[in-house]
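Observations on chain architecture
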Amino acid sequence: MALKDITLGQYFPGNSFIHQLDPRTKLLFTVLYIVALFSAKRLPSYLLLMAVLAVCIQISRVRLKTILRGMKPILFIIVLTAILNLFYTPGDPIWQWKFLKITVEGIWAAIYMVLRISMLITCTFLLTYTTSPILLTDGLEKLLGPLKKLRVPVHELSMMMSIALRFIPTLIEETDKIMSAQKARGADFDTGNLFQKARALVPLLVPLFISAFRRADELAIAMECRCYHGGEGRTRLRQLIFVRRDYLALAGSIFMVAAVYVLRYLGW
C-alpha cells in the first residue's frame, strides 16, 4: 500500500450539490446515516443505505476510484473483522474443522459487518472530501454551540478536531518525502520479513516527529501573529445560512432513518 492511497482528511474542491451544502447539514446527515446504519438489521435495509450512499457519491462528483483508493488502508481491518464474524458467530454449523466452524448466521454476520464498516468509512470520507477545513470547523462550532452554556470551549474543540483531521495528509506527505530521501541513501523498505520492514521504518520516526512539531509550531506562531482568538467576533469567509437545498437534504436524511426503522419493524 502506497502512502498516496491514504486520502483521509483530504479536501477535493468542487461545485457539486454536496459541496454547496451547509457544513452543518453534512455533519447532521453523517450522524443520521451512522444511526441508520447501526439500526439496520437485514439486507433490504443495507441495500437502501447503499443506494443512498451511491447517489451521494454520484452527486458529489468525487471519483469512485478516489473513494476505493481511500479504502485500501483499512482493507486488512475489514477482512479480519469478516473472518472473525464468519468463524466465531454461534449457530448451526455448515462446515467445521476442529475449533473453526462456519454457520449460516456467521456468513450473514460477516456480510453485514463488511457492508457496515465500508459504508461507515465511505460516508465519513465523503464529508471530508467535500468540506473545507474552515467550513468544517465553523459547522462543528455551530452544532456544539449549546455546550457553551456549560463553559465548554466549543470553538477551540472544533478547531482542534478539524486541524487533527487535516493534519493527516500533511504527515503523510512528510513521511513520503522522508522515505524518498532515505531510499536515495540506500534504505530498503520493501524487502524482508515483517520484523525487518518494521525495523527499517524506525529511522523515519525521529525526522517525522521533528517535522510534525515544526509544522505545529509554525501554525501556532501564525495564529499568534494574527492575534487569533476565535469566537463569535472573528471574521468569517462564509456565513453559514440554511437554504432550500439544506432543508431538502435534512428532510431526505430523516426520511432515510424512518425508512430503515420501518424495514426493521417489518423484520427486513
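Right, let's walk through the structure included here. A quick note: this is a predicted structure, and the numbers were derived from the prediction, not measured.

Some remarks on helix α4 (residues 64–71)
For α4, the full list of buried residues reads Thr66, Ile67, Gly70 and Met71. The arc enclosing the buried residues of α4, seen along the axis, measures out at 145°, which places them on a common side. When the buried face of α4 is taken as reference, the exposed residues oriented beyond 90 degrees from it are Leu64, Lys65 and Leu68. Buried-residue contacts for α4 involve α3 (43–60), α5 (75–88) and α6 (104–129).

Let's talk about the pairing of strand β1 (residues 93–97)
Bridge count for β1 against strand β2 (residues 100–103) is four bridges, and the pairing is antiparallel. Its bridge partner lying in β2, Trp97 is registered against Leu100.

Description of the side chain of Thr137
For Thr137, the location among the structural elements is in helix α7 (residues 133–143). Apart from the residues lying within four places of it in its own chain, the contact partners of Thr137 are Ser158, Met159 and Ser162.

Focus on the pattern of salt bridges
Summed over the entire model, instances satisfying the criterion amount to two salt bridges. Between Asp22 and Arg24 there is a salt bridge, and its shortest N-O distance comes to 2.9 Å. Classification of Arg24 as buried rests on a relative accessible area of 12%. For Glu141, the salt bridge goes to Lys148, with nearest N and O atoms at 3.9 Å.

Topic: the side chain of Thr30
Inspection of the secondary structure assignment puts Thr30 in helix α2 (residues 23–39). On the basis of relative accessibility, which here comes to 9%, the residue Thr30 falls in the buried class. Setting aside residues up to four positions removed in sequence, Thr30 forms contacts with Cys123 and Leu127.

So, the packing of aromatic side chains
With the rule as written, the count across this model stands at seven aromatic pairs. Ring centres 6.4 Å apart and planes at 65° place the aromatic pair Phe87 and Trp95 in the edge-to-face group. On the basis of relative accessible area, Trp95 is assigned to the partly exposed category, the value being 41%. An aromatic cluster is defined as three or more aromatic residues linked by ring pairs; in this entry it consists of Phe12, Phe125 and Tyr129. The ring of Phe242 is capped by Arg24, whose NZ or CZ atom sits 4.2 Å from the centre of that ring.

Observations regarding the state of the cysteines
In this structure the tally under the stated criterion is zero disulfides. Cys56 takes part in no disulfide bond, and the closest cysteine sulfur, belonging to Cys123, lies 7.4 Å away.

Considerations on unusual backbone geometry
Of note, Arg61 is a non-glycine position whose phi angle comes to about 65°, a positive value. With respect to the helices, strands and loops of the structure, Arg61 is situated in the loop between α3 and α4. On the basis of relative accessibility, which here comes to 67%, the residue Arg61 falls in the exposed class. Of note in this structure, Arg151 is not a glycine but carries a positive phi near 65°. Within the secondary structure, Arg151 sits in the loop between α7 and α8 (154–184). A relative accessible area of 79% places Arg151 in the exposed class.

Considering a nonpolar patch on the surface
Together, Ile94, Trp95, Trp97, Val104, Ile107, Trp108 and Ile111 make up a nonpolar patch on the protein surface, roughly 670 Å² of accessible area in all. Counting residues per element, the nonpolar patch draws most heavily on α6, which supplies four residues. Residue classification places Val104 among the partly exposed residues on the basis of a relative accessible area of 40%.

Concerning the nonpolar core
Residues Tyr33, Tyr46, Leu49, Met119 and Met256 are the most contacted members of the largest nonpolar core, which totals 22 residues. Contributing elements (two or more residues each) for this core: α2, α3, α6 and α10 (244–265). The greatest single-element share of this core, amounting to seven residues, is contributed by α6. Excluding residues that lie within four positions of it along the chain, Tyr33 makes contacts with Leu49, Met50, Val52, Leu53, Met119, Cys123 and Met256.

Some thoughts on the packing of α2 against α7
Where α2 meets α7, the closest approach of the two axes is 8 Å, and the angle between their N-to-C directions is 70°. Considering the angle they form, α2 stands roughly perpendicular to α7. Handedness of the crossing formed by α2 with α7: right-handed. Contacts from Pro23, Arg24, Leu27 and Leu28 of α2 reach α7 at Leu135, Leu136, Gly139, Leu140, Lys142 and Leu143.

Calculation criteria
Residues numbered from 1 in each chain as written. Predicted model: local features only at pLDDT ≥ 70, side-chain atom pairs only at ≥ 80, totals over all residues. Heavy atoms only, no water. Buried < 20%, exposed > 50% of the residue type's maximum accessible area, 1.4 Å probe, protein only. Helix = DSSP H or I, 4+ residues; strand = E, 2+ residues; numbered from the N terminus. Arc of directions from axis to C-beta. Contact = heavy atoms within 4.5 Å. Pairing = 2+ DSSP bridges. Salt bridge = Lys/Arg side-chain N within 4 Å of Asp/Glu carboxyl O. Phe/Tyr/Trp six-rings, centres within 6.5 Å; stacked < 30°, edge-to-face > 60°. Lys NZ or Arg CZ within 6 Å of the ring centre and 35° of its normal. Disulfide = S-S within 2.5 Å. Patch = residues over 30% accessible without salt bridge, like charges linked within 9 Å, V, L, I, M, F, W, Y side chains within 5 Å. Areas by Shrake-Rupley, 256 points an atom, 1.4 Å probe, with all protein chains shown as cover. Core = buried A, V, L, I, M, F, W, Y, C linked by side-chain atoms within 4.5 Å. Axes fitted to C-alpha atoms, helices over the stretch in contact; angles between N-to-C directions. Parallel < 35°, antiparallel > 145°, perpendicular 65-115°, else oblique. Left-handed = near helix turned anticlockwise from the far one by under 90°.

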